[in-house]
Amino acid sequence: YAIHQSDPARRDKPLVEVSCGALPETLLETELFGHVRGAFTGAIKDRIGRFELADKGSIFLDEIDAFSPNLQVKLLRILQSGEFERVGDTKTAKVDVRVIAATNQDLSEAIKKGNFREDLYYRLNVISIKIPPLRERRNDIPLLLEYFLEKKNNEVNKNNKKVTGISKEAMLALSQYNWPGNVRELENTIESIMVINSPEVIEAHHFPQGI
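Residues numbered from 1 in each chain as written. Predicted model: local features only at pLDDT ≥ 70, side-chain atom pairs only at ≥ 80, totals over all residues. Heavy atoms only, no water.

Quick notes on the packing of helix α7 (residues 141–155) against helix α8 (residues 168–176)
Okay, so step 1: The contact between α7 and α8 brings their axes to 10 Å, and the two run at 115 degrees. The interaxial crossing formed by α7 with α8 has right-handed handedness. Judged by residue contacts, Ile141, Pro142 and Leu145 of α7 engage Met171, Leu174 and Ser175 from α8.
Okay, so step 2: When its residues are assigned to classes, the contact of α7 with α8 shows 5 nonpolar, 1 polar and no charged. (Axes fitted to C-alpha atoms, helices over the stretch in contact; angles between N-to-C directions. Helix = DSSP H or I, 4+ residues; strand = E, 2+ residues; numbered from the N terminus. Left-handed = near helix turned anticlockwise from the far one by under 90°. Contact = heavy atoms within 4.5 Å. Nonpolar A, V, L, I, M, F, W, Y, C, P; charged D, E, K, R; others polar.)

Side note on the pairing of strand β1 (residues 15–19)
Moving residue by residue along a regular strand, the side chains alternate between the two faces of the sheet.
Okay, so step 1: Side chains Val16 and Val18 of β1 all project onto a buried face; the interleaved residues Leu15, Glu17 and Ser19 project onto a face where none is buried.
Okay, so step 2: One ladder, built from 5 bridges, connects β1 with strand β2 (residues 58–62); its direction is parallel. Across the sheet, residue valine 16 finds its bridge partner in β2, namely isoleucine 59. (Buried < 20%, exposed > 50% of the residue type's maximum accessible area, 1.4 Å probe, protein only. Pairing = 2+ DSSP bridges.)

A look at the nonpolar core
Okay, so step 1: If you look at the biggest cluster of nonpolar residues, it comprises 25 residues, and the most contacted ones within it are Leu32, Phe51, Ile59, Leu61, Ile64, Phe67 and Leu75.
Okay, so step 2: Elements represented by at least two residues in this core include exactly β1, α2 (25–33), β2, α4 (69–81), α5 (107–112) and α6 (118–124).
Okay, so step 3: No other element matches α4, which puts 5 residues into this core.
Okay, so step 4: Residues in contact with leucine 61, not counting those within four places in the same chain, are Val18, Cys20, Leu32, Phe51, Phe67, Leu75, Val99, Ile100, Ala101 and Ala102. (Core = buried A, V, L, I, M, F, W, Y, C linked by side-chain atoms within 4.5 Å.)

Structure representation (structure tokens):
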């Protein structure tokens, strides 16, 4: 979001997010590139893909390592020329999209194993931002906690009972834990506490035993 907002030419245009690892190849292809009516069973009408929705803006591809060899070729083409075809279509479409990709895998190792195209890797790797695991940036935990509390207060607590803070003991426990699941584990932990306990103030005994 911050990268998208930093570009004056794109900040007012769409920012489209795709969780690539959550979809099988066939669904991911139509999700990204769209399809025309009759392209496959159940395709009863034309559908615009995420790349077209993000035209003139940005698209965030999370878990880029989930791309199959076939989709890697299509992604490489759209990065190089902006061109693609909807599934089942013969007409070539063109978009102007900033592509932001993320992965928690070592793509250089994936290249060695033949699971990721080297030319696609270098095409994507124009500017690389490495985000250390949460255990290596524990000073971020209070800021993330504040963000997740605000977010989950709006999403989880339908009875308007808000979590207003966290005890010192609980914050110490958060800062000492290694967070193997990184930021997602922290978010899920906070959400779980709010759903199960609905405390006004989070205490250490609210955390799972491992923490």
